[in-house]
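# Breakdown of the fold
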Amino acid sequence: MVSINGGRKRLVTGVFSTVAAGAAFGAFALSGTADGATRTAEAADTGKHPKPTIVLEHGAFADGSSWNGVLADLRVDGYPVVAAANPLRGPASDAAALRTVLDHVKGPKILVGHSYGGNVISEAATNDPEVKALVYVAAFLPAPGETALELTTKYPGSTLPDALDPVTYQQADGSTATDLYIRQDKFRHQFAADVPARQAALMAAEQRPIAQAALEEKATSAAWKTKPSWDIVTTQDLNIPAAVQRFMAKRAHAHITEVAASHSVAVSHPDLVADVIEKAARATVR
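Residues numbered from 1 in each chain as written. Predicted model: local features only at pLDDT ≥ 70, side-chain atom pairs only at ≥ 80, totals over all residues. Heavy atoms only, no water.

What follows is about the packing of aromatic side chains. A full pass over the atoms with the stated rule returns three aromatic pairs. Between Phe61 and Phe191 the ring centres are 6.2 Å apart and the planes differ by 85 degrees, which places this aromatic pair in the edge-to-face class. Highlighted residues: Phe61 in the loop between β4 (53-57) and α3 (68-76) and Phe191 in helix α8 (residues 184-191), separated in sequence by 130 residues. In this pair, the class of Phe61 matches that of Phe191, namely buried. Three or more aromatic residues link up through ring pairs in this structure, and these residues are Phe61, Phe187 and Phe191. Seen from the ring of Phe247, Lys154 lies directly overhead, with NZ or CZ sitting 4.7 Å from the centre. (Phe/Tyr/Trp six-rings, centres within 6.5 Å; stacked < 30°, edge-to-face > 60°. Helix = DSSP H or I, 4+ residues; strand = E, 2+ residues; numbered from the N terminus. Buried < 20%, exposed > 50% of the residue type's maximum accessible area, 1.4 Å probe, protein only. Lys NZ or Arg CZ within 6 Å of the ring centre and 35° of its normal.)

Next up, the structure:
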């Protein structure tokens, strides 16, 4: 296990330091897909192995832009990247949506999930031979039959329930459902304490809600049982306590990196997150 207080700094040009997660196309956002296809073709001509595509799955209360810094670092290092849009409706349906992205991207892939996105990649990657490794970033690694809500409360430390803003609405069939937001006045403290205040305020305003039912839905498969996994454990996390993260990571026999960071580690420590992803890529795609 590696313990880190901060990731190494990269020399990134201004154009990359402000790169967006990618333009939206239907169910996902693409960044570097065309470049990835070109690299694959060039590699076939030269006999070299292409770098795998990195597929990033965000979690609850976030969107694809939460990967901006990580995505920029990966692209600087030559990796094609896709930042998928997570519907946040439930692990089964969200995994089905992610699989449409995986089917679109050809060749070897490294699948990365943040927070609830860990539930989604654990299911979406099951039985997919092109997914070579899984990287969990302050994320859930549920076993079949477990829920995100159950795991959150396995050990004390989460203050998320007191920060939530539930919104109940009527669905088309007449039934009711509840979406969960984090209250904007509590967002930075709860979710992004080590992110600059102005940036955290933007994240709070841009957050996407998760269906309460998604946190109560049981996992049906766990790709980490058969695929090599890496895990970034955030020791200052108020959403998923570090003790819970360690429990799941050790159970999965993951390569663990610990960092003193909030739940929004991909925003506050993008270099560290990118480094761990690249380690997974180098170790599994040769």
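Moving on: helix α11 (residues 242-251). Looking at α11, one finds that the buried residues are Ala242, Val244, Gln245, Met248 and Ala249. Down the axis of α11, the smallest arc covering the buried residues is 160 degrees, so these residues share one side. Those residues of α11 that are buried lie in contact with α6 (148-152), β11 (229-234) and β12 (255-259). Backbone geometry just downstream of α11 places His253 in the positive-phi region, at approximately 55 degrees. (Arc of directions from axis to C-beta. Contact = heavy atoms within 4.5 Å.)

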